[in-house]
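Letter by letter, the chains look like this.
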Amino acid sequence: MTRVAIVGGGLAGFVTYLTLIHGGIDPEEITVLAPDSDPAAAWRRRAAAIRQTHMRSESDGHCLPTSFPGLAVRDARRRRTLTPLLRSICDRYHPTVIDFLDHVEELRGRSGWSARVRSARVERVRALADGFELDGHGVFRHVLLATGHPGNVVPEELRDDPRTVHAYEPHDYAKSVCVVGAGLAAATEWVNALSTGSTVISVRRREPARRPLNVPRPYLTRRGLTAFHRLPDERRVATLRELLAPSYPPGREWDEPIARAAAEGRFRVEAAVNGADQVICATGFLRGYRHDPLLRRLVDEHDLATAGDRWIVLDTDSSVPALTNESRTIALAGVSAQWAYPAADTLMGARYAAHAFLRRCRTR
Ligand SMILES: Cc1cc2nc3c(=O)[nH]c(=O)nc-3n(C[C@H](O)[C@H](O)[C@H](O)COP(=O)(O)OP(=O)(O)OC[C@H]3O[C@@H](n4cnc5c(N)ncnc54)[C@H](O)[C@@H]3O)c2cc1C
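Notes on the structure follow. (Residues numbered from 1 in each chain as written. Predicted model: local features only at pLDDT ≥ 70, side-chain atom pairs only at ≥ 80, totals over all residues.)

### Brief notes about the site of the ligand
So, step 1. Around the ligand lies a shell of 33 residues, among which Gly-8, Gly-10, Ser-57, Gly-148 and Gly-334 are the nearest.
So, step 2. Listing elements by their share of the shell around the ligand, those giving two or more residues are helix 1 (11-22), strand 2 (30-34) and helix 2 (41-49).
So, step 3. By residue number, the principal contributor to the shell around the ligand is helix 2, which donates 4 residues.
So, step 4. The class makeup of the residues in the shell around the ligand is 16 nonpolar, 12 polar and 5 charged. (Near = placed C-beta within 6 Å. Helix = DSSP H or I, 4+ residues; strand = E, 2+ residues; numbered from the N terminus. Nonpolar A, V, L, I, M, F, W, Y, C, P; charged D, E, K, R; others polar.)

### Observations concerning the pairing of strand 5 (residues 131-134)
So, step 1. Relative to strand 5, strand 4 (residues 125-128) runs antiparallel, the two being bridged by 4 bridges. Paired with Ala-127 across the bridge in strand 5 is Phe-132.
So, step 2. Strand direction decides the pairing type here: strand 5 and strand 6 (residues 139-140), joined by 2 bridges, are antiparallel. The residue bridging Phe-132 from the neighbouring strand is Phe-140, located in strand 6.
So, step 3. In textbook terms, the turn of a hairpin is the stretch between consecutive antiparallel strands, and for strand 5 and strand 6 this stretch comprises 4 residues, one of which, Asp-135, has a positive phi near 45°. (Pairing = 2+ DSSP bridges.)

### Examining the sheet that holds strand 17 (residues 329-332)
So, step 1. Strand order in the open sheet made by the 5 strands is 3-2-1-7-17, with parallel pairing throughout. The sheet is open, and its two edges are formed by strand 3 (117-119) and strand 17, each paired on a single side. Recorded for the sheet is a direction-independent mean angle of 20° between the axes of neighbouring strands.
So, step 2. Pairing geometry for strand 1 (residues 4-7) and strand 7 (residues 142-145), over 4 bridges, is parallel. Looking at the pairing, Val-7 lines up with Leu-145 of strand 7.
So, step 3. Across the sheet, helix 1 touches strand 1, strand 2 and strand 7, and the angle it forms with strand 2 is around 175°.
So, step 4. Contacting strand 1, strand 7 and strand 17, helix 12 (residues 347-363) crosses the sheet at an angle of about 175° to strand 17. (Axes fitted to C-alpha atoms, helices over the stretch in contact; angles between N-to-C directions. Contact = placed C-beta atoms within 7 Å.)

### Section: unusual backbone geometry
So, step 1. Here the amide bond leading from Phe-68 into Pro-69 is cis, since omega sits at -5°, within 30 degrees of zero.
So, step 2. The residue Asp-91 is not glycine, and still its phi comes out positive at about 55°.
So, step 3. Examined against the element boundaries, Asp-91 turns out to sit in the loop between helix 4 (83-89) and helix 5 (97-111).
So, step 4. Phi at Asp-309 takes a positive value of approximately 60°, unusual for a residue other than glycine.
So, step 5. Among the secondary structure elements, Asp-309 is positioned in the loop between strand 15 (306-307) and strand 16 (311-312).

### Quick notes on helix 11 (residues 293-302)
So, step 1. For helix 11, the full list of buried residues reads Leu-294, Leu-295 and Leu-298. When helix 11 is viewed along its axis, its buried side chains cluster within an angular range of 95° and face the same direction.
So, step 2. Buried residues in helix 11 make contact with strand 4, strand 7 and strand 16.
So, step 3. Immediately downstream of helix 11, the backbone of Asp-303 shows phi near 55°, a positive value. (Buried ≥ 20, exposed ≤ 12 C-beta atoms within 10 Å, placed from the backbone. Arc of directions from axis to C-beta.)

### Description of the pairing of strand 7
So, step 1. Because side chains alternate across strand 7, one face comprises the buried residues His-142 and Leu-144, and the other comprises Val-143 and Leu-145, equally buried.
So, step 2. Both strand 7 and strand 17 contribute to a ladder of 4 bridges, which runs parallel. Of the residues in strand 17, the one forming a bridge with Leu-145 is Leu-332.

Written out as structure tokens, the structure is:
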């Protein structure tokens, strides 16, 4: 029987697997339970739908267990130029999506990942004295749940509208396009649609923040994180709501085409969806553990503490306090781990949860 289980084989599960073997856990001790053995499957579909060409994250947005050397170093070696490193020092290096996906594929091949994946969707986690039972797959001492986003969100009033498509579903652009939302996916869609000659109407509830990463940099530092962890629950909920509001990076690549199109009368902001030919919902994902059947059941059956009707309350190491003790661990990674790390739904966030999980697997 293997000792460690990772439920969910997306990027967060993959980063965890790589971190565990780098930290000395025998791959034979790890079972990954996931419906798909390609760790980039979900990510690739979404990035392709919005025609993303570059990563939002910087050099350290990769799947390796340590931040350095990141993708800038790899790029510099391959192209025999220092440019990626210089750009990286100024936080201006963003790998291409193609390079990132090649990197995932290369790691997948050489890490033995595919051999550890058992094709399964786990429906229930049951706590036992010495571990956790996962459906009929056995009992595991240490379990990491990395089940990703539970689905796309489409505003109710648009669900039955035949013009509607979600930004993360494959689509082309009609002559006039209404884009609902104001985060990175929306900004990407404004520029995509404008570049095909469409007229774009941006519908947004609030003005998006402009920042390079999806949370402000201080929250990625030990100091910022310590301050976040000290916040009482109510303030932590309010902080998370604020931090996770829509944002996209500053930069000419967004501002120039939009300003040009606005001057030509092809881009404007409106308060509500109008008579456009197509409505693209860049409205992201369903939010909160209740939308994920596995997490909802885990909370309900074990009476776990939650906050803000959305977050499972976690320890600073992403483990679930009521179910984790000296001999067993259950921890979360990816979006569901925001209580421990606001940028949990990023590659850096996956690394944070993975290292904390490794510490527990190694010492128990
Ligand atoms: C378009 C886009 C661009 C992004 N760009 C960046 C970027 O530049 N830099 C960055 O750091 N981050 C980026 N992110 C954010 C982040 O890296 C992704 O959200 C990442 O895919 C999260 O990985 P995950 O494993 O949590 O979720 P996913 O990749 O969605 O994987 C979850 C997996 O769990 C499986 N699963 C679900 N339920 C169960 C179950 N009950 N049993 C077994 N398996 C289950 C699913 O089938 C899926 O395979 C981006 C996200 C998107 C959408």
